[in-house]
Amino acid sequence: MARCTLLVLLVAAVALVVPLAAGQPWATCGDGTYEQGSAYENNLLNLALTLRDGASSQEILFSTGSNGAAPNTVYGLLLCRGDISRSACYDCGTSVWRDAGSACRRAKDVALVYNECYARLSDKDDFLADKVGPGQLTTLMSSTNISSGADVAAYDRAVTRLLAATAEYAAGDISRKLFATGQRVGADPGFPNLYATAQCAFDITLEACRGCLEGLVARWWDTFPANVDGARIAGPRCLLRSEVYPFYTGAPMVVLRE
Ligand SMILES: *[C@@H]1O[C@H](CO)[C@@H](O)[C@H](O)[C@H]1NC(C)=O
């Protein structure tokens, strides 16, 4: 489905809205920078490759690690969307390696969101030590809305129900690898079908995953305009996405009919 959606990046902490028509990656940049050719850069780039190789060689498509001696230690996490292939995960990891410096003008702490993976690279390890979440979040939303004739309140309820059901499924059984896809099938003009994914980093418990995702569901409509037709919240512990078009591969794991 090659639909091109314009996304707007909201950096909640700074109350800043950045339209990013140019596309991936959507980045959240921290303070503090490193020099080109520095030990930190070398450690970061090598870690990005290690994370790529690690995530793409495992079924969970997830990897964490650190590289380098203090004070140039870099900590990282790479999580690929649960429905993609190992080779697609490898490619997304390569994009992280390619973009990690330029996306944030060599900021030491970067969160990079792609359609097919999420990466965090930092000089601090608190985002890995936190096993509860949600941690620092990158929020994205579509620049288009559901049709003006649609029942916005009903749409919001339907999105919330789908997100909650998809989140519950992802955290419901370890065999699902903390990932779920969902579809809502309805007859409402303006939003007959809704699609969602929910995912957690594989180094937190099922209970923490459920709590992390429930937290994202709870803040969804405080974060986004009520009529927006697609949005995402991505963090190092859990991620949630809703769209009015299919964006994941395979049959939905959760189907809501109403
Ligand atoms: C979408 O809806 C918002 C109000 O929530 C409005 O400000 C915006 O202009 C609309 N965008 C488009 C593309 O119609």
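Conventions adopted
- Residues numbered from 1 in each chain as written.
- Predicted model: local features only at pLDDT ≥ 70, side-chain atom pairs only at ≥ 80, totals over all residues.
- Heavy atoms only, no water.
- Helix = DSSP H or I, 4+ residues; strand = E, 2+ residues; numbered from the N terminus.
- Buried < 20%, exposed > 50% of the residue type's maximum accessible area, 1.4 Å probe, protein only.
- Contact = heavy atoms within 4.5 Å.
- Polar contact = N/O pair within 3.5 Å; in protein donor to acceptor, adjacent residues only side chain to side chain.
- Disulfide = S-S within 2.5 Å.
- 1 Å grid on protein atoms, 1.4 Å probe; cavity = no way out; pocket = protein on both sides within 12 Å on 5 of 7 lines; lining within 4 Å.
- Points joined across faces, edges and corners; volume = space filled by probe spheres on them.
- Nonpolar A, V, L, I, M, F, W, Y, C, P; charged D, E, K, R; others polar.
- UniProt positions renumbered as here; feature names shortened; annotations may be inferred.
- pLDDT = per-residue confidence, 0-100.
- Domains from an automatic or database assignment.
- Buried area = accessible area lost by both parts, 1.4 Å probe.
- Salt bridge = Lys/Arg side-chain N within 4 Å of Asp/Glu carboxyl O.
- Expected span 1.5 Å × (residues − 1).
- Axes fitted to C-alpha atoms, helices over the stretch in contact; angles between N-to-C directions.
- Parallel < 35°, antiparallel > 145°, perpendicular 65-115°, else oblique.

S.K.: Would you take a moment to explain the environment of K131 for this structure?
M.R.: Note that K131 resides in the loop between α3 (126–129) and β8 (138–142). Overall, the relative accessible area of 39% leaves K131 in the partly exposed class. Placed 118 residues apart in sequence, K131 and T249 show a C-alpha to C-alpha distance of 29 Å. In this structure K131 touches D203, I204, A208 and R237, once residues within four positions along its chain are discounted. Here the side chain of K131 touches D203 through a polar contact of 3.1 Å, side chain to side chain.

S.K.: How do you make sense of the state of the cysteines when you look at a structure like this?
M.R.: What makes a disulfide is a covalent bond joining the sulfur atoms belonging to two cysteines. By the definition in use, this model includes 5 disulfides. Covalently, C92 is tied to C117 through a disulfide, its sulfur atoms 2.2 Å apart. Linking C92 and C117, the disulfide has an S-S dihedral of approximately -80 degrees and is accordingly described as left-handed. With C92 in helix α2 (residues 86–99) and C117 in strand β7 (residues 117–122), this pair connects stretches of sequence that are 25 residues apart. Summarising the burial analysis for this pair, C92 and C117 share the class buried. Two residues, C200 and C209, share a disulfide whose sulfurs are 2.0 Å apart. The chirality of the disulfide connecting C200 with C209 is right-handed, given an S-S dihedral of about 85 degrees. One exposure class covers both C200 and C209, and it is buried. Once the disulfide-bonded cysteines of the protein are ranked by sequence position, their pairing pattern turns out to be 1-5, 2-3, 4-6, 7-8, 9-10.

S.K.: Whenever I open this one, empty space enclosed by the protein confuses me. Can you help?
M.R.: If a probe as big as a water molecule is rolled over the atoms, it shows which places are left empty. In this structure the tally under the stated criterion is 1 cavity of 30 Å³ or more. The computed volume of the largest cavity comes to approximately 200 Å³. Lining of the largest cavity is provided by 20 residues; of these, R81, Y114, N115, T197 and L239 occupy positions nearest its centre. Residue assignment for the lining of the largest cavity shows that the elements contributing at least two residues are β5 (74–80), β7, β10 (193–200), β11 (230–234) and β12 (238–243). Residue classes in the lining of the largest cavity are distributed as 13 nonpolar, 3 polar and 4 charged.

S.K.: What's the story with the UniProt feature "domain: Gnk2-homologous" (unreviewed entry) in the protein in this structure? I'm lost.
M.R.: As recorded in UniProt, the sites labelled "domain: Gnk2-homologous" (unreviewed entry) are residues 22–126 and 137–247. Span residues 137–247 is 33% helix and 28% strand, its end C-alpha atoms 21 Å apart.

S.K.: I keep staring at the confidence of the model for the protein and nothing clicks. Help me out?
M.R.: The predicted coordinates of low-pLDDT regions are not to be read in fine detail. Taken residue by residue, the protein gives an average pLDDT of 92. The fraction at 70 or more is 91%. Per-residue pLDDT stays below 50 along residues 1–6; that stretch engages in 12 contacts with residues further than four places along the chain or on separate chains. Under a pLDDT of 50 for its full length, residues 10–22 has, in the predicted model, 21 contacts with residues more than four places off or in other chains.

S.K.: I tried to follow the domain arrangement of the protein on my own but got confused; where do I start?
M.R.: Segmenting the protein into domains produces domain 1 (4–129) and domain 2 (139–257). Domain 1 and domain 2 are separated by 23 Å when their C-alpha centres are compared. Across the contact, 24 residues belong to domain 1 and 25 residues belong to domain 2. Summed over both sides, the interface of domain 1 with domain 2 buries roughly 2200 Å², with 60% coming from carbon and sulfur. Linking domain 1 to domain 2 there are 1 salt bridge.

S.K.: For this particular structure, what's the right way to read helix α4 (residues 152–170)?
M.R.: Owing to its 3.6 residues per turn, the α-helix brings residues three or four apart onto one side. Here α4 is 19 residues long and its end C-alpha atoms lie 27 Å apart, about the 27 Å a rise of 1.5 Å per residue gives. Those residues of α4 that sit buried are A154, Y155, D156, A158, V159, L162, L163, T166, A167 and A170. Taken together, the buried residues of α4 touch β9 (179–185), β10, α5 (206–223), β11, β12 and β13 (254–257). For α4, the N-terminal cap is D151; the gap from its side-chain oxygen to the backbone nitrogen of A153 is 3.2 Å.

S.K.: Would you explain the packing of helix α1 (residues 39–56) against α2 in this entry?
M.R.: The packing of two helices is summarised by the inter-axis angle and the distance between the axes. Contact geometry for α1 and α2: axes closest at 8 Å, N-to-C directions at 170 degrees. One finds that α1 runs roughly antiparallel with respect to α2. Within the contact between the two elements, α1 uses L45, A48, L49, R52, D53, A55 and S56 and α2 uses R86, C89, Y90, G93, T94 and W97.

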